[in-house]
Structure formats: C-alpha cells, structure tokens
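Residue-level structural notes
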Amino acid sequence: MEKLLNIISDKVSAAFAQAGYEASYGRVTVSNRPDLCEYQCNGALPAAKLYHKAPIQIARDVAARLAEDPAFSEVQAAMPGFLNLKLSPAFLAAYLEQTRTAPRFGVEPDPKAGAVVIDYGGANVAKPLHIGHLRSAIIGESIKRIQRFFGAETIGDTHLGDWGLQMGLVIAGLQERQPELCYYDESFTGPYPEEAPFTISDLEEIYPAASARSKVDEAFAARAHDYTVRLQHGEPGPYALWQHIMRVSKADLRKNYDRLGVHFEAWLGESDAQPYIPEMLREMDEKGILVESEGARVIEVQEPADTREIPPCILIKSDGATLYATTDLATIKQRMQTWAPSKILYVVDKRQSLHFEQVFRSARKAGLVKPETELRHIGFGTMNGKDGKPFKTRSGGVMRLETLINEITDFVRAKVVENKLVGDEDVENVTAKIAMAALKYGDLMNAPTKDYVFDLDRFAAFEGNTGPYILYTVVRIKSILARYGAWEELPIRAPETPEAKDLMLALTRLPDALELAYRDCAPNLICAYIYELAGCANKFYHETHILTEEDPEKQKGYVALVGLTKRVLETCIDLLGFEAPEKM
Ligand code: ARG
C-alpha cells in the first residue's frame, strides 16, 4: 500500500509542476507545528532562489492548484512561503479503511529480505544466565520478529558458549567432588550412564568454585586446561561428561528463555563450528591471507581509510590454539553453507565491537560471504543500577537472570493483588504478562547502544512511558469491544472530533515507524510510536462516549477506530516480544 506521506507528496509535487515549478519541491513532511496544520511543504523556500520569486508567491501558486483537491480540507500559504495542509476527514477515513482491510495493515514486505540469521542470547553453557545476557535475548527476539514481519525467513541462533575453558573447569571441578566417576577412569570401556551425575544446581556451584580455584591453584588450572584439550580431541570420558553438561544446561536455559518468551530456531554453539575450522584455515592459506605474526597466524584487517588502529585478527595462537574469532569465522562459514542468509545480525554487547569489526573484515577478505551479504553488529549498552554502575545484587554479585525475573514478578504480583486487578485464578497469568511488558519495554524503549538504568518502580508503573501503560490501553479497548459485540467488520468512518482525527493520523504513521525500526534494527522506534498512539487512543477514549453513543452509525465508527487501534497496538507489542492480558 502506498504510504500516506507519498500520496500527499505526489499531489503537492504535481501542483508544483502545474504551476510551472520543478516537481521535486513538493516533498511533504509531517508538520512540526501541529497547532497550525497536519502536514507541511517547505519547497517554495528553496524554489524561490531558483525562480527569483518571493517564496510566498510560489506557495500561493501551488496552493491555488491544490484548493480543489478533495484530499485536503485546508491548504494555506503562510509567510514566508510555507504550505500548511490539513487532510479532509473523508480522505483520511478512506485511507485508513484500506489500512484496516489490507494484510499487515498495508505495510509492504521487503522483497529482498531472504533468510536472516540473528545471533542472540549468547549464553555460556554451565554458567548461569546472568543479566548481561538479558539484553541480548530481549533485543534479539524483537529484532527477529521485526525481520520476520518484513518477510524474512528468520533463524534465531543462540550461539552457545559451549567449547571453551569453562568446560575443562567444570570437568576438573566435578572430579574433585566425585573422583570415582567412570568418566575419569581411562580403562573404562563403557557404555557411560544415561543419567547425568549432577543437577543444574550442582553445575552452578561447580563452575564458580572451579573458576576461583584455578586462579590460585596452578595444578588444578593445568588439569582444567588438560581436560579442555582432551575434550576438544574427542576423548570418550570428557566427551561423555560434556554431553551431560550440555543436556542439563540447555534444559535449564530453555526454561529461562521460555519464561522470557524468547525462542530460538537453532540451538547451535561454538562447538558446532569446530568441524569447519580446518577447511576454512586451508582456504585462507591458499588465498595467502593468513600471515605469520610473532608465532601466531593472523589476518591483517587495517584499511587505508581507517582513522584508528584495527589490530590483526588472530586465528591461531603460537601454541596452536584457536580463538573466539576463529570460531566466529567458522560459524559464518557454517551459516552460509546451511542457510545462505542475506544478513547475519549479531546482537552482542557493544564492548565486543572491535572483535566483530575484525571478524567481518576477515570474513570478507576470506570470501566467506558474498559481497552483498550484510554482516551487522547491533552492539548494546549496559543495564545499570540506580547508582549508575552495572547492575548487581544487593550483596554486590552478578545477578542471575532467574532471580531478576522472580524479583520483577513478585513486585508486579504485589501490585496486582493489592489493586485487586483480577480474580484469584488470573493473578499468575496476568502478573507474568505485566512483568514481561515492564521488563522488555523498559529495555527496548532505549536505543540499543544506550546504557540505561534498571528502575523497577518506573518500569512497572501503570502510567507514563511504560509497558504496563501500553497493556492497560489495549486492555481498556478490549473491554469496550467485548461489551459492544461484533466489531471486526465495521468500516472506518470520517472523524468528527479533533481527538478522533489525531488518533487516525497517528494510525497512518504505522508503516513509517515499522520501516525505520526494520531498517535500523531499532525496536525503540516501535516503542516511541506506540507510546504516541496509546496517548491518542486514551485522549479519544476520554473525550468520546463510545458505549453510550445514541447514534448507531457514529458508534460503529468509534468502535471501528478503537478496534483498528487495538490490532495495531497488539501487532506492535508482539514485535517487541510481549502480549496483553484480557483484563487488568
Ligand atoms: N558467549 C558470548 C559471551 O557471553 C556471546 C556470544 C555472542 N555471539 C557471537 N557470535 N560471538 O560473551
């Protein structure tokens, strides 16, 4: 569907041309003086220079040609040469009626979207999820849904950290507790038990203890390192233990991500990229891009246009070990072979931006991707506490994601119960939905790169720019619609009040908001849009007696308008990754 701004711009451009001026001066924008007009065109000002005329004269010439156009209820030439425009109610209603009946509200899919891999989550196996992974999960899930809305075939891949030293540490740590396990017996001929010899709580104790110990106990650190190497060589005992760790850990991760409404299409990890490394290195060697540097093998990625130093990307250390970057490059190879994506989007802490710059440049030099394949790092900032420092527990430790979710849920539940928002049987369900809206909207309303302060009181407030406020608006409309009856087929009617018109104008801006959010991978633009839309919806609700209106035709128009508003809001919050309850 053609966007409203383009339709109006075409009309104004045609009027410029008819009046004898260059049509390109007819570009229209949303008014920055809503008190004066809805749309404006400033083209007469630059045109004046070219045609050596007073801008107001040009504006008047154009306005005269637009006077008869039924799309406008008002066309004014204002000093020094602005064109102020207002849409006619009938034209606006006809446009929104198309929006209402078109699939996806008339937003056009991206014909070039293709397959898109979104690398997010990034949890590390055997280590508990912490809030550092929270932003990646929330932002990544939303970006994935936005990509999908625009027609991409999306593959969300968690890219688990499942292959590093932490595995050796857990294996060595477990040995301290249970040295008699068959996995440590080199003469054991199997088969190994199916049941893991530990639970997730054990794992959560083992890793931090082993990590701390490795810093003070050299022999232990050496054992952990040794186990890592043996695992990487596929030795049966360590390998069988690793598989147990993976199973137990993934089940726990899945539980946490489910609670967050975050779902991955692929649960691949660093370990899955390892088989691609030898061939990749061979090909890089053949291309002659792997160079020797102080015993290591690296790819030079500095470019003449760089204004800062970009150090070489190290692929093999002098001791023969491969690194994080090696794995990321092999993962690109694996993804290209498996899905041939048009884009790979990485939703990872912005402190890793140099790493991704090196990896992307190396991938291009090595020809791992096509020239047109987009590789993009969406780096996000830190979630801080009210003290402005990275969010910690009260005792100063790193807070576990599960604890954080529980805290938010308890806080919201208390409000739900205290205000008697719903009957007992609905408390948990409604609480969970409000909690997710508070948490996710509180995060997503900020541009991803920005650091932000986690403030539960503010995030969970039912008023102001918050997730619960948006939910509240949706729920309020749902209740009107439920009391009215069948509303789905009612057509949009011309607005009669300023509040109705403002709400309709806000609805016409949906495609612009979604397209920018898609182009820039910026869910915050959707938040800004629905905050504005919800504001208009609430003003309309206050000024209009929807359910008590006596004129049935008028009433149908009101109901159709809030019905469309509800569908738009629900679509938007689904793109952000949360949903509204029936009541609250
Ligand atoms: N596991 C990593 C971490 O915790 C994040 C992985 C991000 N993705 C990637 N392809 N490097 O920092």
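Our structure's up above, just so we're on the same page.
Residues numbered from 1 in each chain as written. Predicted model: local features only at pLDDT ≥ 70, side-chain atom pairs only at ≥ 80, totals over all residues. Heavy atoms only, no water.

1. A few points about the overall build of the protein chain
Put simply, the test is: Only DSSP runs of H or I with at least four residues qualify as helices, and only runs of E with at least two residues qualify as strands; both kinds are numbered from the N terminus onward. Only the protein chains shown count as covering a residue, and every accessible area follows the Shrake-Rupley method with a 1.4 Å probe. By the counting scheme adopted, Arg and Lys are positive, Glu and Asp are negative, and His together with the chain ends is not counted. Charge coordinates come from a single atom per side chain, which is NZ of Lys, CZ of Arg, CG of Asp or CD of Glu.
What the protein chain contains, in helices and strands, is 21 helices and 13 strands. Accessible area of the protein chain: about 26300 Å², with a carbon and sulfur share of 52%. A distance of 4 Å separates the average location of the 67 positive side-chain charges in the protein chain from that of its 83 negative side-chain charges.

2. A few points about the site of the ligand
Heads up, the rule is: Each residue is tested against the molecule or strand, and it is near if at least one of its non-hydrogen atoms lies within 4 Å. Under this definition, polar contacts are N or O atom pairs within 3.5 Å; protein pairs additionally need one hydrogen-donor-capable and one acceptor-capable atom, and for neighbouring residues in sequence, both atoms have to be side-chain atoms.
Residues in close proximity to the ligand include D119, G122, N124, H133, H159, Y324, D328, Y346, V348, Q352 and F356, which together make up its full environment. One of the side-chain N or O atoms of D119 is found 2.9 Å from a nitrogen atom in the ligand. Between a nitrogen atom of the ligand and a main-chain N or O atom of G122, the distance comes to 2.9 Å. Burial of the ligand by the protein amounts to 86% of the accessible area it has alone, namely 350 Å². Going through the elements one at a time, α12 (324-339) and β10 (343-349) are the ones with two or more residues in the shell around the ligand.

3. Remarks on the packing of aromatic side chains
Worth spelling out the cut-off: Aromatic pairing here means that ring centres of Phe, Tyr or Trp (its six-membered ring) are within 6.5 Å. Orientation follows from the plane angle: under 30 degrees is stacked, over 60 is edge-to-face, and everything else is tilted. Relative accessibility under 20% of the residue-type maximum defines a buried residue, over 50% an exposed one, and the middle range a partly exposed one, all with a 1.4 Å probe and only protein chains included. In our convention, an over-ring charge means Lys NZ or Arg CZ found within 6 Å of a ring centre and within 35 degrees of that ring's normal.
Per the counting criterion, the structure on display carries 21 aromatic pairs. Taking 4.9 Å as the distance between ring centres and 80 degrees as the angle between the ring planes, the aromatic pair formed by Y257 and F264 counts as edge-to-face. Summarising the burial analysis for this pair, Y257 and F264 share the class buried. Every member of this aromatic cluster is reached through a ring pair, and the members are F16, Y21, Y25 and Y51. Above the face of the F149 ring, R104 is positioned so that its terminal group lies 4.9 Å from the ring centre. Taking the ring centre of W267 as reference, the NZ or CZ of R254 above it sits at 4.4 Å.

4. Quick word on the packing of helix α17 (residues 467-484) against helix α21 (residues 552-576)
As a reminder, the rule being used: Comment: axis = line fitted to C-alpha atoms, over the contacting stretch for helices; angle = value between 0 and 180 degrees taken between N-to-C directions. Each angle is binned into one of four classes, with values under 35 degrees roughly parallel, values over 145 roughly antiparallel, values of 65 to 115 roughly perpendicular, and all other values oblique. By definition, any crossing whose near helix is turned counterclockwise from its far helix by less than a right angle is left-handed, and any crossing with a clockwise turn is right-handed. Note on contacts: a residue pair is in contact if any heavy atoms of the two residues lie within 4.5 Å. Three classes are used, and their members are as follows: Ala, Val, Leu, Ile, Met, Phe, Trp, Tyr, Cys and Pro are nonpolar, Asp, Glu, Lys and Arg are charged, and the others, Gly among them, are polar.
Following both chains from N to C, one finds α17 and α21 inclined at 140 degrees, their axes separated by 10 Å at the closest point. Classed by the angle they form, the pair α17 and α21 counts as oblique. You can see that α17 and α21 cross each other, and the crossing is left-handed. Residues I470, L471, T473, V474, I477, K478, L481 and Y484 of α17 touch α21, and the partners they reach there are Q555, K556, V559, V562, G563, T565, K566, L569, E570 and I573. Considering only residue class, the contact of α17 with α21 consists of ten nonpolar, four polar and four charged.

5. Quick word on the sheet that holds strand β3 (residues 72-78)
Test applied: Note: two strands are recorded as paired if DSSP finds a minimum of 2 bridges between them.
Judged by pairing direction, the sheet is antiparallel, and its four strands sit side by side in the order β1-β2-β4-β3 without closing on themselves. Looking along the sheet, the strands with just one partner apiece sit at the ends: β1 (29-30) and β3. Where β1 and strand β2 (residues 39-41) come together, two bridges link them in antiparallel fashion. Bridge assignment links T29 to a residue of β2, and that residue is Q40. Packing against the sheet, helix α3 (residues 55-66) makes contact with β3 and β4 (82-87), and its axis sits at approximately 165 degrees to β3.

6. A short note on the nonpolar core
We count it as follows: Only buried Ala, Val, Leu, Ile, Met, Phe, Trp, Tyr and Cys residues count toward a nonpolar core, and they belong to the same one when joined by side-chain atoms within 4.5 Å.
If you look at the biggest cluster of nonpolar residues, it comprises 161 residues, and the most contacted ones within it are V12, Y257, L260 and L404. The element contributing the most residues to this core is α21, with twelve residues. Those residues in contact with L404, other than ones at most four positions away along the chain, are I131, L134, M383, F391, M399, L439 and F454. Core analysis: the second largest hydrophobic core is formed by 33 residues, V117, I155, L290 and L315 among them.

7. As for the side chain of H244
Structurally, the position occupied by H244 is in helix α9 (residues 236-259). There is a polar contact of 2.8 Å between the side chain of H244 and the side chain of Y183.

8. Section: the pattern of salt bridges
To keep things clear, this is the line we draw: A pair is scored as a salt bridge if a Lys or Arg side-chain nitrogen falls within 4 Å of a carboxyl oxygen belonging to Asp or Glu.
A complete count under the given rule lists 48 salt bridges for this structure. Ionic pairing is found between K3 and D512, a salt bridge with its closest N-O pair at 3.7 Å. Separated by 509 residues along the polypeptide, K3 in the segment before α1 (4-18) and D512 in helix α19 (residues 510-520) bring together distant segments of the chain. For K3, a relative accessible area of 18% gives the class buried. Two residues, E186 and R230, come together in a salt bridge whose shortest N-O distance is 3.3 Å. Taken together, the positions of E186 in the loop between α6 (165-177) and α7 (200-216) and R230 in helix α8 (residues 218-232) put the pair 44 residues apart, joining distant regions of the chain. Residue class for R230 comes out buried when judged on its relative accessible area of 17%. Among the ionic contacts, a cluster of salt bridges with common partners joins E141, K144, R145, R148, E265 and D574.

9. Focus on the sheet that holds strand β11 (residues 374-380)
Here we have four strands laid out as an open sheet, ordered β6-β5-β10-β11, and parallel in their pairing. Across the chains shown, the open sheet's two edge strands, defined by having one partner strand only, are β6 (153-157) and β11. Strand-to-strand twist in this sheet, taken as the mean axis angle between neighbours without regard to direction, amounts to 20 degrees. Taken together, the seven bridges between β10 and β11 define a ladder with parallel strand orientation. Following the sheet pairing, V347 is matched in β11 by I378. The strands that α12 touches are β5 (115-119), β6 and β10; relative to β10, the one it contacts most, it runs at about 145 degrees. Sitting on the sheet, helix α13 (residues 353-365) touches β10 and β11, and the angle it makes with β11 is about 175 degrees.

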